[in-house]
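# Structural features, examined
Spelled out, the chains give:
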Amino acid sequence: MGTNAFQDNLTKLQGNLLSFAHKLTSNRDDAYDLLQDTTLKALDNEDKYAANTNFKGWVFTIMRNLFINNYRRTARAATIVDTTDNLYHLNLSQDSGLESPEESYGAQEITSAISEFSDEYRLPFSMHVAGYKYSEIAEEMGLPIGTVKSRIFFARKKLQERFSSYR
């Protein structure tokens, strides 16, 4: 494929590439950056393209690989490594500044609303919030697992309705 034909094919794919880039990044500016990087990489590697193969697939693979490499690079950059002698940064308290959830806004009201539920809703919901699995709650209460799930669902629904103004 000649240079002009290569560039024409690449130009024709720009719309499709932009759509794919937007699907990958979910951000318009990042999609344009990815499109530009892909176009430059394809032009730089024109000599590596084998004639009579799927050009569109080749270019889309370049874009996908660029996205994955950028994502991994960003994830590595976001990782914090504590290099202090006594691991000072890892030993810092990670609290929110509040002593407990009860001191946060509205927690007392939520606790009060939960206590107003009948036992059939309050007990499974409280156990679920405490970290019990559905199967453990069902076994403890002697109920079918579907009943436990529906009671927890209805308890959540009641809380959402009661506190809908907090959203």
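Structure shown above.
Residues numbered from 1 in each chain as written. Predicted model: local features only at pLDDT ≥ 70, side-chain atom pairs only at ≥ 80, totals over all residues. Heavy atoms only, no water.

### Things to note about the overall build of the protein chain
Our working definition: We count a stretch as a helix when DSSP gives it H or I for four or more residues in a row; a strand needs E for two or more, and each element gets its number in order from the N terminus. To sort residues, take the accessible area from a 1.4 Å probe on protein chains only and compare it with the maximum for the residue type: under 20% means buried, over 50% means exposed, and anything in between is partly exposed. Working rule for contacts: check all heavy atoms of both residues, and any pair within 4.5 Å makes them a contact.
The helix and strand tally for the protein chain stands at eight helices and zero strands. Ordering the α and β elements of the protein chain from the N terminus gives α-α-α-α-α-α-α-α. Across the 167 residues of the protein chain, 23% fall into the buried class. Long-range contacts, defined as pairs at least 24 residues apart, comprise 58% of the intrachain contacts of the protein chain with a sequence gap of at least 6.

### Considerations on the packing of aromatic side chains
Applicable threshold: Aromatic rings from Phe, Tyr and Trp, taking only the six-membered ring of Trp, are treated as a pair when their centres fall within 6.5 Å; an angle between ring planes under 30 degrees marks them as stacked, one over 60 as edge-to-face, and anything in between as tilted.
Applying the stated rule across the entire model yields nine aromatic pairs. Both rings, one in Phe6 and one in Phe55, keep their centres 5.2 Å apart while their planes meet at 80 degrees; by these two values the pair is edge-to-face. Linking Phe6 in helix α1 (residues 3-12) with Phe55 in helix α4 (residues 55-78), this pair joins segments that are 49 residues apart in sequence. The exposure classification of Phe6 matches that of Phe55, with both residues buried.

### Remarks on the pattern of salt bridges
As a reminder, the rule being used: What counts as a salt bridge is simple: a side-chain nitrogen of Lys or Arg found within 4 Å of a carboxyl oxygen of Asp or Glu.
For the structure on display, the rule yields three salt bridges. Here Arg162 and Glu116 are joined by a salt bridge, their closest N and O atoms 2.8 Å apart. On the criterion of sequence distance, the pair formed by Arg162 in helix α8 (residues 145-162) and Glu116 in the loop between α5 (107-115) and α6 (119-129) is long-range, its members being 46 residues apart. Residue classification places Glu116 among the exposed positions, given a relative accessible area of 54%. Asp119 is paired through a salt bridge with Arg122; the nearest N and O atoms lie 2.0 Å apart. Taken together, the positions of Asp119 and Arg122, both in helix α6 and three residues apart, correspond to about one turn of that helix. When its relative accessible area of 43% is taken as the criterion, Asp119 is described as partly exposed.

### Here's the deal with unusual backbone geometry
A positive phi angle, close to 60 degrees, is found at Ser26, a residue other than glycine. Inspection of the secondary structure assignment puts Ser26 in the loop between α2 (14-25) and α3 (28-44). Looking at Ser26, the relative accessible area reads 61%, which means it is exposed. A positive phi angle is found at Asn52, which is not glycine, with a value near 65 degrees.

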